[in-house]
Amino acid sequence: MKSFLFIIVLTSFIGCNSKNQKVREELLTKVEISSYTFEEFAPMLQTNSDTLYVVNFWATWCEPCIEELPAFEAINEKYKNQKFKMLLVSLDFSKQKEKKLTPFVTKNQLKAQVIHLNDPDANAWIEKVDANWSGSIPATLVFTKDKRVFFEQSFTKEQLQNTIDNF
Amino acid sequence: MKKKIIYSLGLLLSIFLFTSNQPIASGYGIGDIATDFSLKNTDGKMVSLKDYKDAKGFIVIFTCNHCPYAVAYEDRIIALDKKYKSKGYPVIAINPNNPEKQPKDSYDLMQVRSKEKGFTFPYLLDEGQKIYPQYGATKTPHVFILEKTSKGNVVQYIGAIDDNHEEPKNVKVKYVEDAVDALLNKKEVVVKTTKAIGCSIKV
């Protein structure tokens, strides 16, 4: 009888413990994505340092964007300890941020930094990213303090690697 | 040295790939004469601009089913057609996407969407994707306002519908309405081009 009680206590303790752990994991992996207006975001497109920046414009509903994400993640993983910074700028609608964007980033455990550009007056800011951007995504800006190149296209990992190698 | 050659080859290759990915470097500018077309509507009939004998011009909108920006603008596109068709500027919607690349933009699903939303305007499929590159459409939705003249259909505005894709009630500037109103009043369009955010055309 004594041992039986002990087992009940033990199992309930384990049950409780694993529940806590699950809650803790959820807390740990719950991704917080900051939203910016273009004015707030614009300084991130400038640098005075030696860092190479790769800024990719995407959205969860944009299929070619999702297809190229693994290439960006792989390149980010490769260069993350160097003078390199990747930003994945989501253009998801603000209504979709909690429903689509946050779950997507959480589920896919994206390592590159994701931010949300929440500025619906696109005509006002598209040209400020690059004069040649017609406004479609995926689009990617690669820049250092001396050089900027803009690409309105999809990337394979090889293409992105070549772009960085030749920068 | 070898490395350098490989890099240069890589660069050349990437330039080639990048440029070949973008066949739309050209396209129309303001003042150009836009081509007519004969494209299939969701009712099975072929539609051309020349069919519209009484039109003063056209609001040509490259749009589609699958793109959230296009969906966000559907009601506003219907409103544009209702407002301006009777004044001589009907909406002509063209789906520029390759349905093999984006099955949601198939002809069958265009018919479904047109019926669901009660489109009051033709919704045409750019079969073979011959028309959108001539216009220079790069995304959906992408608007080209044409004015019918003795020389042909002159491009008078290229760009976005308005300045807020997400919240119609927060729109401050209605680019398309402003342009069509100017043309109807025989005035020059003030804002002739804007940049619209949109989904890339699926080739």
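Refer to the structure presented above.
In what follows, the accompanying structure is described. (Residues numbered from 1 in each chain as written. Chains lettered and ligands numbered in written order. Predicted model: local features only at pLDDT ≥ 70, side-chain atom pairs only at ≥ 80, totals over all residues.)

### What about the overall build of chain B?
The number of helices and strands found in chain B is 5 helices and 10 strands. Put simply, of all contacts in chain B between residues at least 6 apart along the chain, 74% involve residues at least 24 apart. (Helix = DSSP H or I, 4+ residues; strand = E, 2+ residues; numbered from the N terminus. Contact = placed C-beta atoms within 7 Å.)

### Describing the interface of chain B and chain A
If you look at the interface, chain B gives 25 residues, while chain A gives 24 residues. Those elements that provide at least two residues to the side of chain B that touches chain A are α1 (2–21) and β10 (198–200) of chain B. Ranked by residue count, the leading element in the side of chain B that touches chain A is α1 of chain B, at 7 residues. Residues of the side of chain B that touches chain A, tallied by class, amount to 9 nonpolar, 11 polar and 5 charged. Across 2 bridges, strand β5 (residues 136–137) of chain A lies against β10 of chain B in parallel orientation. By the bridge assignment, S136 of chain A is partnered in β10 of chain B with G198 of chain B. (Nonpolar A, V, L, I, M, F, W, Y, C, P; charged D, E, K, R; others polar. Pairing = 2+ DSSP bridges.)

### Looking at unusual backbone geometry
A cis amide bond links I137 of chain A with the next residue in sequence, P138 of chain A, at an omega value of 10°. The topology assignment puts P138 of chain A in the loop between β5 and β6 (139–143). Residue P141 of chain B follows T140 of chain B across a cis peptide bond; omega there is -10°. The residue P141 of chain B is located in the loop between β7 (139–140) and β8 (142–149) in this model. Its identity is not glycine, yet Q109 of chain A carries a phi of approximately 50°, on the positive side. Among the structural elements, Q109 of chain A can be located in the loop between α4 (97–108) and β4 (113–117). One non-glycine residue, Q129 of chain B, adopts positive backbone phi at about 50°. Looking at the secondary structure, you find Q129 of chain B in the loop between β6 (123–125) and α4 (131–135).

### Focus: the sheet that holds β4 of chain A
Residue and element names in this part refer to chain A. The strand order β1-β4-β3-β2-β6-β7 describes an open sheet built from 6 strands, whose pairing is mixed. The open sheet terminates on both sides in strands that have one partner only, identified here as β1 (35–36) and β7 (148–151). Here 4 bridges tie strand β3 (residues 84–90) to β4, and the two strands are oriented parallel to one another. Residue S90 lies in a different strand from β4, and its bridge partner there is H116.

### Quick notes on helix α2 (residues 68–84) of chain B
All names here are of chain B. The end-to-end C-alpha distance of α2, which contains 17 residues, comes to 24 Å, matching closely the 24 Å that a straight helix rising 1.5 Å per residue would cover. At E74, α2 shows its maximal kink, close to 45°. Its buried side turned inward, α2 meets β4 (57–62), β5 (91–95), β7, α5 (175–184) and β10. (Expected span 1.5 Å × (residues − 1). Bend = angle between axes of the 7 residues up to and from the residue.)

### Section: the pairing of β3 of chain A
All names here are of chain A. Relative to β3, strand β2 (residues 52–58) is paired through 7 bridges, and the arrangement is parallel. Paired with W58 across the two strands is S90, which belongs to β3. Where the polypeptide runs from β2 across helix α3 (residues 63–79) and back to β3, its parallel neighbour, the crossover connection is right-handed. In the classification by handedness, the crossover that spans β3, the intervening α4 and the parallel β4 is right-handed. (Right-handed = clockwise from strand over helix to strand, strands pointing away.)

### A look at the pairing of β8 of chain B
Residue and element names in this part refer to chain B. By the criterion of burial, β8 is predominantly enclosed, with 7 of the 8 residues buried. Relative to β8, β4 runs antiparallel, the two sharing 6 bridges. Paired with G57 across the bridge in β8 is E147. Bridging between β8 and strand β9 (residues 152–159) involves 7 bridges; their strand directions are antiparallel. (Buried ≥ 20, exposed ≤ 12 C-beta atoms within 10 Å, placed from the backbone.)

Keep in mind these values describe shape, not function.
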